[in-house]
Amino acid sequence: MTESTKNEAQETKLVQEIEGVQVVLAPEAAEAEVPADIATDFVLPQDDLEAALVDRVVNISRVAKVVKGGRRFSFAALVVSGNGQGLVGFGLGKANEVPDAIRKGSERARKHMSKIAVKNKTIPHDVIGKFGAATVLLKRARAGTGVIAGGSVRAVIEAAGIHDILTKCIGTNNPHNVIRATLDGLNKLFDPEQKRKDLAQA
């Protein structure tokens, strides 16, 4: 098998059914020490607006607690949720089983959504987001550039519906801090034209 064939196989997403929930296996899931049938992208059955929300699992951590008689394992799932039209949020779910952890993370992500300013499928202006030791630089790009971003940043950007952007992650690559820094930058965005109108009215 050639190198290009291997890359294509890794990028191929697998759709499965887990307890009635449609899931899509993304390449990031292959690196986690979790059962192979657990996916990183899935759509939960919801109504109205929430029906358009798509969840993406950025990271799954397996935690071992040493108790009398052996070790007890639990899982923590970091989930990003968005509708692809400027609405995005994230949540952390913990449970003894991976599907339960993903569902908890999804529920928390949908309770803490933020509206992001998106203009012509990119961001209105350049911005820097910070959280802890993580710094994320977000630069607007012309049409056709695509999403130039790493795993954690890409999950947030794609969930928000941004198609053309340049990003650079500086400092730590901890997914929790990187996601918070990315959202910090996105929440600072504003539409210059709308801002001008608001100032004129004031």
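The rules behind each value
- Residues numbered from 1 in each chain as written.
- Predicted model: local features only at pLDDT ≥ 70, side-chain atom pairs only at ≥ 80, totals over all residues.
- Heavy atoms only, no water.
- Helix = DSSP H or I, 4+ residues; strand = E, 2+ residues; numbered from the N terminus.
- Buried < 20%, exposed > 50% of the residue type's maximum accessible area, 1.4 Å probe, protein only.
- Contact = heavy atoms within 4.5 Å.
- Areas by Shrake-Rupley, 256 points an atom, 1.4 Å probe, with all protein chains shown as cover.
- Salt bridge = Lys/Arg side-chain N within 4 Å of Asp/Glu carboxyl O.
- Pairing = 2+ DSSP bridges.
- Expected span 1.5 Å × (residues − 1).
- Arc of directions from axis to C-beta.
- Axes fitted to C-alpha atoms, helices over the stretch in contact; angles between N-to-C directions.
- Parallel < 35°, antiparallel > 145°, perpendicular 65-115°, else oblique.
- Left-handed = near helix turned anticlockwise from the far one by under 90°.
- Nonpolar A, V, L, I, M, F, W, Y, C, P; charged D, E, K, R; others polar.
- Patch = residues over 30% accessible without salt bridge, like charges linked within 9 Å, V, L, I, M, F, W, Y side chains within 5 Å.
- Lys, Arg positive; Asp, Glu negative; His and termini not counted.
- Charge placed at Lys NZ, Arg CZ, Asp CG, Glu CD.

A. Representation of the overall build of the protein chain in the model. Scanning the protein chain from N- to C-terminus turns up five helices and 11 strands. Going through the 202 residues of the protein chain one by one, you find that 39% of them count as buried. Relative to all contacts within the protein chain whose residues are 6 or more apart in sequence, the contacts with residues 24 or more apart total 51%. Surface accessibility of the protein chain: about 11,800 Å² in total, with carbon and sulfur atoms responsible for 50%.

B. Structural view of the pattern of salt bridges. By the definition in use, this model includes four salt bridges. Notably, a salt bridge pairs Glu-158 with Arg-56, separated by 3.2 Å at the nearest N-O pair. Residue Glu-158 is located in helix H3 (residues 151-160), and its partner Arg-56 is located in strand S4 (residues 54-67); the two are separated by 102 residues in the primary sequence. For Glu-158, a relative accessible area of 35% translates into the label partly exposed. Here Arg-56 falls in the buried class, since its relative accessible area comes to 13%. The salt bridge involving Arg-154 is made with Glu-158; its shortest N-O contact spans 3.2 Å.

C. Structural detail: the sheet that holds strand S9 (residues 134-140). Spatially, the four strands line up as an open sheet ordered S8-S9-S11-S10, and their pairing is mixed. With partners counted over all chains shown, the strands left at the sheet margins are strand S8 (127-131) and strand S10 (147-148), one partner each. By the bridge criterion, five bridges tie S8 to S9 in an arrangement that is antiparallel. The partner of Val-127 across the bridge, within S9, is Leu-138.

D. Main features of helix H2 (residues 98-111). Here H2 contains 14 residues, and its C-alpha end-to-end distance of 20 Å stays within 8% of the 20 Å for a straight helix at 1.5 Å per residue. What H2 keeps buried is the set Val-98, Pro-99, Ala-101, Ile-102, Gly-105, Ser-106, Ala-109 and Arg-110. For H2, the arc enclosing every buried residue in end-on projection is 165 degrees, short of the 170-degree limit, so these residues lie on one face.

E. Region of interest: the pairing of strand S6 (residues 87-95). Counted residue by residue, S6 has seven buried out of nine residues, so it is predominantly covered. Bridge count for strand S5 (residues 70-82) against S6 is eight bridges, and the pairing is antiparallel. Considered in S6, the bridge of Ser-81 is made with Gly-89. Connecting the antiparallel pair S5 and S6 is a turn made up of four residues, with Gly-84 showing a positive phi of about 75 degrees. With three bridges connecting them, S6 and strand S7 (residues 113-115) associate as antiparallel partners. When the bridges of S7 are listed, Leu-87 appears paired with Lys-115.

F. Examining the side chain of Thr-167 more closely. By the secondary structure assignment, Thr-167 is in strand S11 (residues 165-171). Once residues lying within four places of it in the same chain are set aside, the contact partners of Thr-167 are Leu-137, Leu-138, Ile-148, Ala-149, Gly-150 and Val-153.

G. Examining the packing of H3 against helix H4 (residues 175-187) more closely. The N-to-C vectors of H3 and H4 enclose an angle of 40 degrees; their axes lie 9 Å apart at closest approach. The angle between the axes of H3 and H4 places the two elements in the oblique class. H3 and H4 meet at a crossing whose hand is right-handed. Where H3 abuts H4, its residues Ser-152, Val-153, Val-156 and Ile-157 lie against Pro-175, Val-178, Ile-179, Thr-182, Leu-183 and Leu-186. When the residues that make up the contact of H3 with H4 are grouped by side-chain class, the tally is eight nonpolar, two polar and no charged.

H. Fine view of a positive patch on the surface. Together, Lys-94, Lys-104, Arg-108 and Lys-111 make up a positively charged patch on the protein surface. Inspection of the secondary structure puts Lys-111 in helix H2. Relative accessible area serves as the criterion here: at 68%, Lys-111 is assigned to the exposed category.

I. Structural context of the pairing of S4. Pairing between S4 and S5: 13 bridges, direction antiparallel. Counted as the bridge partner of Ala-64 is Phe-73 from S5. Taking the residues that link successive antiparallel strands as the turn, the S4-S5 hairpin has two residues, and the phi of Gly-69 there is positive, at about 100 degrees.

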